[in-house]
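So you can see what is in the structure, the chains are spelled out below.
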Amino acid sequence: RKEVEQDPGPFNVPEGATVAFNCTYSNSASQSFFWYRQDCRKEPKLLMSVYSSGNEDGRFTAQLNRASQYISLLIRDSKLSDSATYLCVVNRAGKLIFGQGTTLQVKP
Amino acid sequence: DGGITQSPKYLFRKEGQNVTLSCEQNLNHDAMYWYRQDPGQGLRLIYYSQIVNDFQKGDIAEGYSVSREKKESFPLTVTSAQKNPTAFYLCASSSQRGPDTQYFGPGTRLTVL
């Protein structure tokens, strides 16, 4: 079993839709949590950190449930430019552990 | 501009040859990392270095070697002992103040023929 698991998708949604991605992690010692975005054949870039209280950045909302070891990312009002792979990442003992990513395709 | 550079972007080598991938950063970051990414998989840590002249093995270090003689530079050598070297290699760095946030270079796509 992978330490960080994501549904690879792809998620195909129309512009303007709301889409949610989920991620589970297996190691309860994981300390901090993130979503990175990776465009096709490019490097990953930090999208946002994830806090237990939940946090929002514009159209993006991230949630963490430590009891269930579950992380989510909600994207509202999807844009064509949101098309990318979204990587769920946890910090365990100072190392970043990456999920395989969930691919989002936003269609006109 | 501050950032991380990796060269070359694409690299082709014959099986059995060692190859060295370059990674340079001018962000004054102490920590540097090497990952590999295979299709449909997450990034896997090869080696990392928290400080000059020191480095540690990651999860998949076999068949790779690194050096950290300068703060700015963290080259990765893919040796002939690496059984499946064809992959996308990503270098990253982070600061002491923000070790969780890693900044990535553009990557090198290595194809071994």
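Residues numbered from 1 in each chain as written. Chains lettered and ligands numbered in written order. Predicted model: local features only at pLDDT ≥ 70, side-chain atom pairs only at ≥ 80, totals over all residues. Heavy atoms only, no water.

**Q** Looking at this structure, I do not really get the overall build of chain A. What am I missing?
**A** A count of helices and strands for chain A gives 0 helices and 11 strands. Starting at the N terminus and walking to the C terminus, you meet the elements of chain A as β-β-β-β-β-β-β-β-β-β-β. Its C-alpha atoms give chain A a radius of gyration of 13 Å, within 12% of the compact-globule value 13 Å for 108 residues. Viewed in the frame of its principal axes, chain A has a C-alpha envelope of about 40 × 30 × 20 Å. Per-residue burial over chain A gives 46% buried out of 108 residues. The long-range share in chain A, meaning contacts at least 24 apart out of those at least 6 apart in sequence, stands at 56%. Between the centroid of the 13 positive side chains of chain A and the centroid of its 10 negative side chains there is a distance of 5 Å. (Helix = DSSP H or I, 4+ residues; strand = E, 2+ residues; numbered from the N terminus. Rg over C-alpha atoms; globule rule 2.2 N^0.38 Å. Buried < 20%, exposed > 50% of the residue type's maximum accessible area, 1.4 Å probe, protein only. Contact = heavy atoms within 4.5 Å. Lys, Arg positive; Asp, Glu negative; His and termini not counted. Charge placed at Lys NZ, Arg CZ, Asp CG, Glu CD.)

**Q** Help me understand the pattern of salt bridges in this model?
**A** Where charged atoms from two side chains of opposite charge come close, those side chains can pair. As enumerated under the stated definition, the model contains 8 salt bridges over all chains in all. Asp39 of chain A serves as the salt-bridge partner of Arg37 of chain A, at 2.8 Å between the closest nitrogen and oxygen. Of the charged contacts, one joins Asp77 of chain A and Lys79 of chain A as a salt bridge, the two residues approaching to 2.9 Å between their closest N and O atoms. The exposure class of Lys79 of chain A is partly exposed, given its relative accessible area of 33%. In this structure, a network of salt bridges that share partners links the residues Arg36, Asp38 and Arg44 of chain B. (Salt bridge = Lys/Arg side-chain N within 4 Å of Asp/Glu carboxyl O.)

**Q** Explain the confidence of the model for chain B to me, please; I cannot follow it from the model alone.
**A** Close inspection of predicted coordinates is inappropriate in any region flagged by low pLDDT. Of the residues in chain B, 96% reach a pLDDT of 70 or more, and the chain-wide mean stands at 92. Within chain B, the lowest mean pLDDT, 92, falls on strand β2 (residues 10–13) of chain B, and the highest, 97, falls on strand β7 (residues 64–66) of chain B. (pLDDT = per-residue confidence, 0-100.)

**Q** Hey, could you run me through the state of the cysteines in this one?
**A** Here is the idea: a disulfide is a covalent bond, and it sits between the sulfur atoms of two cysteines. Here the structure, examined in full by the defined rule, presents 2 disulfides over all chains. In this model Cys23 of chain A forms its disulfide with Cys88 of chain A; the gap between the sulfur atoms is 2.0 Å. Its torsion about the S-S bond being -75 degrees, the disulfide of Cys23 of chain A and Cys88 of chain A is classed as left-handed. Placement of Cys23 of chain A in strand β3 (residues 19–25) and of Cys88 of chain A in strand β9 (residues 84–92) is noted, with a sequence separation of 65 residues between them. The residue that forms a disulfide with Cys23 of chain B is Cys91 of chain B, at a sulfur-sulfur distance of 1.9 Å. Since a negative S-S torsion denotes a left-handed disulfide, the Cys23 of chain B-Cys91 of chain B link at about -75 degrees is left-handed. Here Cys91 of chain B lies in strand β9 (residues 87–94) and Cys23 of chain B lies in strand β3 (residues 19–25), a separation of 68 residues in the sequence. Cys23 of chain B gets classed as buried once you look at its relative accessible area, which sits at 0%. Cys91 of chain B sits in the buried class, given a relative accessible area of 0%. (Disulfide = S-S within 2.5 Å.)

**Q** Please explain the sheet that holds strand β1 (residues 4–6) of chain A as it appears in this structure.
**A** Pairing between the strands of a sheet comes from backbone hydrogen bonds, and it takes one of two forms, parallel or antiparallel. Residues and elements named next belong to chain A. Overall, antiparallel pairing links the 5 strands, which are arranged β1-β3-β8-β7-β6 in an open sheet. A single partner strand is all that each edge strand has here, and the edge strands are β1 and β6 (55–57). The average undirected angle you get between the axes of adjacent strands in this sheet is 20 degrees. (Pairing = 2+ DSSP bridges. Axes fitted to C-alpha atoms, helices over the stretch in contact; angles between N-to-C directions.)

**Q** Please explain the sheet that holds β7 of chain B as it appears in this structure.
**A** Residue and element names in this part refer to chain B. Across the sheet, which stays open at both edges, the 4 strands sit in the order β1-β3-β8-β7 with antiparallel pairing between neighbours. For this open sheet the edge positions go to β1 (4–7) and β7, each flanked by a neighbour on one side alone. Taking the axes of each pair of neighbouring strands and ignoring which way they run, one obtains an average angle of 20 degrees across the sheet. Alignment of β1 against β3, held across 4 bridges, turns out to be antiparallel. Paired with Ser7 across the strands is Ser22, a residue of β3.

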